[in-house]
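# Descriptive analysis of the structure
Letter by letter, the chains look like this.
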Amino acid sequence: MTRREFAASPLVAALSNAPGSRLAEPMRWLQLAFVEDDPGRYDMKFWLDYIRRVRAQGVCLSAGGCVAFYPTRIPLHYKSRFMKEGQDPFGELAAECRKMGLAILARVDPHAAHDNVFQAHPDWIARDAEGRPRRHWAMPDYWVTCGLGPYNFEFMREVVREIAERYDIDGIFANRWSGSGMCWCDHCRRNFRAFAGRDLPRTGDRSDPAWTAWREFSNQRLFELWDALDAAVRSVRPQAAFIPNTGGGANAELNMKRAGERAPFLVADRQARYGVQLAWANGKNAREYRAALGGKPVAGIISVGLEAPYRWKDSVQQPAEIQLWAADGMAHGMRPWITKFNAKPLDMRWLRPVEELFAWHARHERYFRNEANLARAAIVYSQQTALRVAADADDFIRGAFHALIEARIPFEMAHDGMLDAEHVRGYRALILPNIAVLSEAQCAQLRAFVEGGGGLVATHETSLYEEGGRRRPDFGLAELFGCSRAGRTIQRQQNAYIDIRDREHPLLEGLRGAGRFIHGVRRVEIEPHSRELPPLTTMPSYPDLPMEEVYVRQPPTNIPAVVCRAYGKGRVVYFPWDIDRTFWEVMCPDHGRLLANAVRWALNEEPVLTVEGPGLVDAAIWRQASSVTVHLVNLTNPYAMKGQIREHIPLPPQRLRLRVARRPRRARWLWTDREAAFQYRDGWLETQTPAIALYEVLALDD
Ligand SMILES: [Zn+2]
């Protein structure tokens, strides 16, 4: 990207348009969420000292909602039983933090209420499908509140207004603000009927078509609620903001485009790994949020404790795991936010590793003040596809994601609601992992992107459905794909293969020794528009049992397993099957490599970054005001696919080659804290990395 392109990029525009809110300033956050018995029983000095040591610039402190930690005057606002007359635990800690110059978010949690609330306003409580008030699932003394009714619109409006009025804060952060699943209270029934002209479905089953209508309804209510609470905060403190705990990728509850337009900043609340989850998961969070927020800041929550449905909230993760989670977020532009529930820590093992990483981040802060990501490829995610057609949309994304990580191709993510020229200008290739739902307007945007020289890699049912979720007779992008739908979508093909018909094709780079490849599991039957033989063809399923019957009965077919073609000034690769999803499920490296080769071919330029050597590494390139950084996070570990990492196992030195417009004045490795020796010629920098245990950043000063 040239300087001129950079100056005009949407990221920079968003940065310069950011509101005067102080919430955009902190580069490191610490959240201390009180439990009811913290007041008078915890050591405030300990926390103030730790805040200094991690060099936090913002804090998020519990104020009210479910339990008030300040002397509220709102009658139904339950006060901590441990808060003595004249005490103000929130106010005292907030005042100390203010003296230290920190930005302050007051945390509220409205999802549960005490019995006094139920007695006074039974209609504020969530109801099940039978109309019975819902007791709290974990704490039956409490009631679950209705997120879309007067409890939030009226009572919480008073609460956030009171907090903003009485305390010098920069914003309110609301946890669990959006309700706890579908609610059948009178307000929700009536409001849904007015919205959708029908009754609420009887269950929260998302395969029920009425569920989609409910999701639209709840989005509308939640955006109204967001506006109402934001207005309440700003009515007394115009520079402050209401920050809902919300967001995510394809399965996010709220429309991320609209959320990104509203929010001055958001917090990604996926705090750690659980189950089979790759070590790049936090880098995925970062990219998904940024796709919606542009240059506005995203903080990424790092959990002290284990994340599991069993909710060991007083636990501590392995230090190496906490650091890797944090590092992958930082590498992808997240501002680290460590969170601790219960101010009386029972296990201190997390303190030092967090301090080590945060203090290092603070020392090199100017290299984390990113202004533009220099990735040339972006994976598109689509909430409407996940909502209307593919509940497993994220499996396609994760397959594409992992393929690019393995190939060490730096990439971003893009929201399908922002595929206009302005937003995709920095990219040279877009990857559409089964982006099944695309409107005519979105298809036109993609056509324009390719006509202008962009590359497209699309898979499976991409563009086969209209915006509302109705299937088209043919792909919306048939002209780009160079083929049409002809037949059906096979939902499960067993024992099917791919024959190699053009061994010299660039898609076969590194795979030329293969005899054939395994096919995917799902496949759209297509008819190509041209008679040209594709480089890869489909060998349909043949018997897989009894073993005596497992043999090929027919010569190779002409059914394309891929269509690769030029279109306008750009290039298009279309896989009619689920190469990405099958890669995620089966992890056959042939699939990952084919997909990565397709992206390289679609990019049609010398790679902006290559990192050569053994291991699994997540790479990112960023520009700051007067520097460029290359981030390398070492994911090489037997626990890369399922936490928790026990130790960092050093990645051997790697050969690194990077495109930079001119010779840097200075090059440093920030983690090992030493000068980087490099060669520079004709716009290309070459160097060798040190061994990387956890994380390394190459910082190049202009
Ligand atoms: Zn309700």
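Residues numbered from 1 in each chain as written. Predicted model: local features only at pLDDT ≥ 70, side-chain atom pairs only at ≥ 80, totals over all residues. Heavy atoms only, no water.

On the surface, a cluster of nonpolar side chains totalling about 460 Å² of accessible area is made up of Y274, L306, Y310 and W312. Position of Y310 relative to the elements: it lies in the loop between β9 (298-303) and α11 (319-331). Judged by its relative accessible area of 56%, Y310 falls in the exposed class. (Patch = residues over 30% accessible without salt bridge, like charges linked within 9 Å, V, L, I, M, F, W, Y side chains within 5 Å. Areas by Shrake-Rupley, 256 points an atom, 1.4 Å probe, with all protein chains shown as cover. Salt bridge = Lys/Arg side-chain N within 4 Å of Asp/Glu carboxyl O. Helix = DSSP H or I, 4+ residues; strand = E, 2+ residues; numbered from the N terminus. Buried < 20%, exposed > 50% of the residue type's maximum accessible area, 1.4 Å probe, protein only.)

Before going further, it helps to examine the sheet that holds strand β20 (residues 536-539). Taken in spatial order, the 3 strands make up an open sheet running β18-β17-β20, and their pairing is antiparallel. Unpaired on one side and paired on the other, β18 (516-518) and β20 mark the two borders of the sheet. Direction aside, the axes of adjacent strands within the sheet are offset by 30 degrees on average. Bridge analysis of strand β17 (residues 497-500) against β20 gives 4 bridges, and the strand direction is antiparallel. Paired with I498 across the strands is T538, a residue of β20. (Pairing = 2+ DSSP bridges. Axes fitted to C-alpha atoms, helices over the stretch in contact; angles between N-to-C directions.)

Throughout the structure, instances matching the rule amount to 34 aromatic pairs. One cation-aromatic arrangement involves K313 over F341; the distance from NZ or CZ to the ring centre is 5.8 Å. It is R657 that lies over the ring of W684; its NZ or CZ is 4.0 Å from the centre. (Phe/Tyr/Trp six-rings, centres within 6.5 Å; stacked < 30°, edge-to-face > 60°. Lys NZ or Arg CZ within 6 Å of the ring centre and 35° of its normal.)

Okay, unusual backbone geometry next. Excluding glycine, residues mostly have negative phi values, and the peptide bonds linking residues are mostly trans. A cis amide bond links L545 to the next residue, P546, at an omega of -15 degrees. Its location among the elements puts P546 in the loop between β20 and β21 (563-567). Of note, the bond from G643 into Q644 is cis; its omega dihedral lies within 30 degrees of zero at 5 degrees. Locating Q644 in the fold gives a position in the loop between β25 (627-634) and β26 (655-659).

The subject of this paragraph is the packing of helix α10 (residues 281-293) against helix α14 (residues 393-407). Close contact between α10 and α14 brings their axes to 12 Å; oriented N to C, the two are set at 110 degrees. The angle between the axes of α10 and α14 places the two elements in the roughly perpendicular class. Crossing hand, α10 versus α14: right-handed. Side by side, α10 and α14 meet where G283, K284, R287 and E288 of the first sit next to D394, I397, R398, F401 and I405 of the second. For the contact of α10 with α14, a count of residues per class yields 3 nonpolar, 1 polar and 5 charged. (Parallel < 35°, antiparallel > 145°, perpendicular 65-115°, else oblique. Left-handed = near helix turned anticlockwise from the far one by under 90°. Contact = heavy atoms within 4.5 Å. Nonpolar A, V, L, I, M, F, W, Y, C, P; charged D, E, K, R; others polar.)

Only C146 (SG), C183 (SG), C185 (SG) and C188 (SG) from the protein reach the zinc ion as donors, at distances of 2.3 Å. One way to put it: the 4 donor atoms around the zinc ion meet at angles of 101 to 115 degrees, and that makes the site tetrahedral. (Donors = N, O, S within 2.8 Å, 3.2 Å for Na, K, Ca; no water. Tetrahedral: all angles 85-135°; square planar, octahedral: opposite > 155°, others 65-115°.)

We now examine the nonpolar core. In terms of nonpolar packing, the biggest core is built from 185 residues, with F90, I163, W350, F575 and Y695 touching the most fellow members. Here this core takes 12 residues from helix α8 (residues 209-236), the largest share from any one element. Once you skip the residues sitting within four places of it in the chain, I163 turns out to touch A63, G64, Y70, F90, A106, V108, I169 and I172. Formed by 32 residues, the second largest nonpolar core is a distinct cluster that contains F475, V524, Y567 and Y574. (Core = buried A, V, L, I, M, F, W, Y, C linked by side-chain atoms within 4.5 Å.)

Take the environment of E606 next. Here E606 lies in the loop between α19 (589-603) and β23 (609-612). A sequence separation of 564 residues divides E606 from Y42, and the C-alpha atoms of the two residues are 57 Å apart. Within the local environment of E606, its side chain forms a polar contact with the side chain of R657, the two groups lying 2.9 Å apart. (Polar contact = N/O pair within 3.5 Å; in protein donor to acceptor, adjacent residues only side chain to side chain.)

Turning our eyes to something else, we now look at the pairing of strand β2 (residues 58-65). Along any regular strand the residues' side chains alternate between the sheet's two faces. Counting buried positions over the 8 residues of β2 gives 8, a clear majority of the element. Sheet topology note: the strand β1 (residues 29-33)/β2 ladder contains 4 bridges and is parallel. Its bridge partner being in β2, Q31 is matched across the sheet by C60. Handedness of the crossover joining β1 and β2 through helix α3 (residues 44-53): right-handed. The pairing of β2 with strand β3 (residues 103-109) spans 7 bridges and is parallel. Residue V59 lies in a different strand from β3, and its bridge partner there is I104. Crossover connection from β2 via helix α4 (residues 89-99) to parallel β3: handedness right-handed. (Right-handed = clockwise from strand over helix to strand, strands pointing away.)

Bringing the sheet that holds strand β7 (residues 241-244) into the picture now. Taken together, the 8 strands give an open sheet; going across it, the order is β7-β6-β3-β2-β1-β10-β9-β8, and neighbouring strands pair in parallel fashion. With partners counted over all chains shown, the strands left at the sheet margins are β7 and β8 (266-268), one partner each. The average undirected angle you get between the axes of adjacent strands in this sheet is 30 degrees. Bridge count for β3 against strand β6 (residues 171-174) is 4 bridges, and the pairing is parallel. Its bridge partner lying in β6, A106 is registered against I172.

What follows deals with the side chain of H364. Take H364: it is sitting in the loop between α12 (351-363) and β11 (372-373). In this structure H364 touches L670 and D673, once residues within four positions along its chain are discounted.

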